[in-house]
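# Fold and geometry: a report
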Amino acid sequence: MNKLAKFFRIAVVFLLLADIGFLFMPVIKTVQENYPTDTYSQADFVKDTFSKFVMGKSGLKISGSQVLEIIVFVVLPALLSVIFMIVSIVAGSRQIISGFAAIATAVLNIVFTTKATGIGQIYKKQYQDIVRLRGLNMIMVLAVILIICGILIIITKPAKAKKNKDKDNMIPDVEQIHQEQIKPKYEFIDEARPEQAGTSAAEQVQNAQQVQSGEVTHDAGTAQNIENLQKAQPDDSGQADGVGGPRGVMVGITGMYAGAEIPFKPGEELKFGRDNVNDVVFPEARKISRTHCTITWDAQKEEFYIVDNSSNGCFINEMDECIPQNLPIRLEVGTILDIGDDTNRFRLE
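Now for a quick tour of the structure. All figures in this text were calculated on a predicted structure; none of them were measured in a lab. (Residues numbered from 1 in each chain as written. Predicted model: local features only at pLDDT ≥ 70, side-chain atom pairs only at ≥ 80, totals over all residues. Heavy atoms only, no water.)

In terms of regular secondary structure, the chain is built from 10 helices and 13 strands. Across the chain, the fraction of contacts at a sequence separation of at least 24, relative to all contacts at a separation of at least 6, is 58%. (Helix = DSSP H or I, 4+ residues; strand = E, 2+ residues; numbered from the N terminus. Contact = heavy atoms within 4.5 Å.)

Structure representation (structure tokens):
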């Protein structure tokens with residue numbers, strides 16, 4: 001459905017571009033026996049009206065109703081074509097707007113084809129006739145196709161990405177990470193010594209060591225907690241030695257996810273980028289594209305695979321050149337991965 005929606009959206013872009021081109025195609029002509037024939041386009045209507053009322057150079061007789069018709073049925077559709085041609089290119093999941101705009105532009109163009117000869121009376125001189133040209137028929141056909149494509153765009157609007165509840169539970173929230181980073185890892189309070197409330201474990205261990213060395217005196221409560229506080233210190237020896245093998249986890253080193261772990265299920269693919277439809281979102285990272293890359297964990301082979309779809313690239317192991325784009329690239333456990341640049345760095349474990 002998403003591919004079909006994109007196809008119709010692109011079709012509308014080209015149709016609106018053609019609509020702009022039709023502004024310069026002759027739509028009427030003045031005919032008089034033994035006199036040369038003159039043809040006029042929509043662009044001529046606008047140019048001569050502008051010359052009449054702004055520059056004061058045109059000798060044409062243009063009524064207020066004819067000016068209004070030129071603004072509504074010539075100028076307005078042209079503006080809509082330009083604006084919504086751009087909107088159609090960047091619309092994405094909001095492409096329904098392009099559908100309604102295409103229909104509105106087409107309706108105005110159809111009305112113009114019925115009023116063209118009336119508007120063309122501004123060029124009529126004595127004994128002359130106003131004749132419709134084939135260009136009006138082409139505008140009518142283009143308008144009908146625009147209406148059909150506009151309806152199809154509305155019907156086939158891309159579905160919003162479904163959120164995976166398991167992924168939402170596994171992937172850490174940025175604000176939560178920031179809050180956890182400023183909290184002490186351990187905090188022990190001796191019920192017998194309420195003045196220790198709010199003292200971190202590191203400070204309490206330092207106090208305990210001073211007590212052991214005799215630098216300060218202590219009471220029974222402090223002495224009793226020395227052993228417990230020392231046991232409470234985290235032991236990083238297992239992690240430093242690499243005990244446990246590959247885990248299928250991306251560990252944030254710098255950036256928004258610094259200190260966080262992003263776990264993968266076997267065979268799971270996670271999408272990284274600025275857009276909210278991604279699994280891992282970087283809302284304010286300028287170097288990261290809206291859909292930057294996808295990463296998969298192969299638990300059987302104990303290796304990661306990345307496909308880079310970005311404009312700024314992905315870099316491994318602090319290399320200056322980015323990895324090849326739009327191709328699956330194998331990454332070994334232990335690889336340092338920069339997404340966009342080194343301000344968002346991860347280690348693959």
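On we go.
For the rest of this paragraph, the subject is the sheet that holds strand E1 (residues 26–31). Strand order in the open sheet formed by three strands is E2-E1-E3, and the pairing between neighbours is antiparallel. Two strands close off the open sheet at either side, each with one partner strand: strand E2 (38–41) and strand E3 (129–132). The average angle at which neighbouring strand axes cross in this sheet is 30 degrees, direction not considered. Note that E1 and E3 share four bridges and pair antiparallel. Residue Thr30 lies in a different strand from E3, and its bridge partner there is Ile130. Along the sheet face, helix H5 (residues 134–155) touches E1 and E3 and points at about 155 degrees away from the line of E1. (Pairing = 2+ DSSP bridges. Axes fitted to C-alpha atoms, helices over the stretch in contact; angles between N-to-C directions.)

Now for the side chain of Asp341. By secondary structure assignment, the location of Asp341 is in the loop between strand E12 (336–339) and strand E13 (345–348). Comment: no salt bridge for buried Asp341; closest opposite-charge side chain is Lys287, at 5.5 Å. For Asp341, the side chain forms a polar contact with the side chain of Thr343, separated by 2.4 Å. (Buried < 20%, exposed > 50% of the residue type's maximum accessible area, 1.4 Å probe, protein only. Lys, Arg positive; Asp, Glu negative; His and termini not counted. Salt bridge = Lys/Arg side-chain N within 4 Å of Asp/Glu carboxyl O. Polar contact = N/O pair within 3.5 Å; in protein donor to acceptor, adjacent residues only side chain to side chain.)

The strands making up a sheet associate through backbone hydrogen bonding, with each pair oriented either parallel or antiparallel. In space, the five strands of this open sheet follow the order E5-E4-E13-E12-E10, with antiparallel pairing throughout. With one partner strand each, in any of the chains shown, strand E5 (261–263) and strand E10 (314–316) form the two edges of the open sheet. Neighbouring strand axes in the sheet, compared pairwise and without regard to direction, differ in orientation by 25 degrees on average. Here E10 runs beside E12; their pairing, made up of three bridges, is antiparallel. Looking at the pairing, Ile316 lines up with Leu337 of E12.

With respect to the element layout, Glu349 can be found in the segment after E13. Glu349 gets classed as buried once you look at its relative accessible area, which sits at 13%. When the C-alpha atoms of Glu349 and Pro263 are compared, they prove to be 9.5 Å apart, with 86 residues separating the residues in sequence. Of the polar contacts made by the side chain of Glu349, one reaches the side chain of Arg247; its length is 2.3 Å.

Note that strand E6 (residues 269–273) and strand E8 (residues 293–298) share four bridges and pair antiparallel. Across the sheet, the residue bridging to Glu269 is Thr296, located in E8. In this structure, E6 lies alongside strand E7 (residues 280–281), joined through two bridges in parallel fashion. Note on E7: the bridge partner recorded for Phe272 is Val280.

What follows deals with the packing of aromatic side chains. In this structure the tally under the stated criterion is nine aromatic pairs. Their ring planes at 85 degrees and their centres at 6.4 Å tell us that Phe282 and Phe346 sit as a pair that is edge-to-face. Here Phe346 lies in strand E13 and Phe282 lies in the loop between E7 and E8, a separation of 64 residues in the sequence. Owing to a relative accessible area of 0%, Phe282 belongs among the buried residues under this scheme. (Phe/Tyr/Trp six-rings, centres within 6.5 Å; stacked < 30°, edge-to-face > 60°.)

Looking now at the nonpolar core. One broad trend across soluble globular proteins is that nonpolar side chains are buried collectively. Val12, Val27, Ile28, Phe45, Phe112, Tyr123 and Leu146 are the most contacted members of the largest nonpolar core, which totals 41 residues. Tallying contributions element by element places helix H3 (residues 64–90) first for this core, with eight residues. Among residues more than four places away in sequence, those in contact with Val27 are Tyr40, Ser41, Gln42, Phe45, Phe112, Val131, Arg132, Leu133, Gly135, Leu136 and Ile139. Core analysis: the next-biggest nonpolar cluster, separate from the first, contains 26 residues, Phe282, Ala285, Cys314 and Ile339 among them. (Core = buried A, V, L, I, M, F, W, Y, C linked by side-chain atoms within 4.5 Å.)

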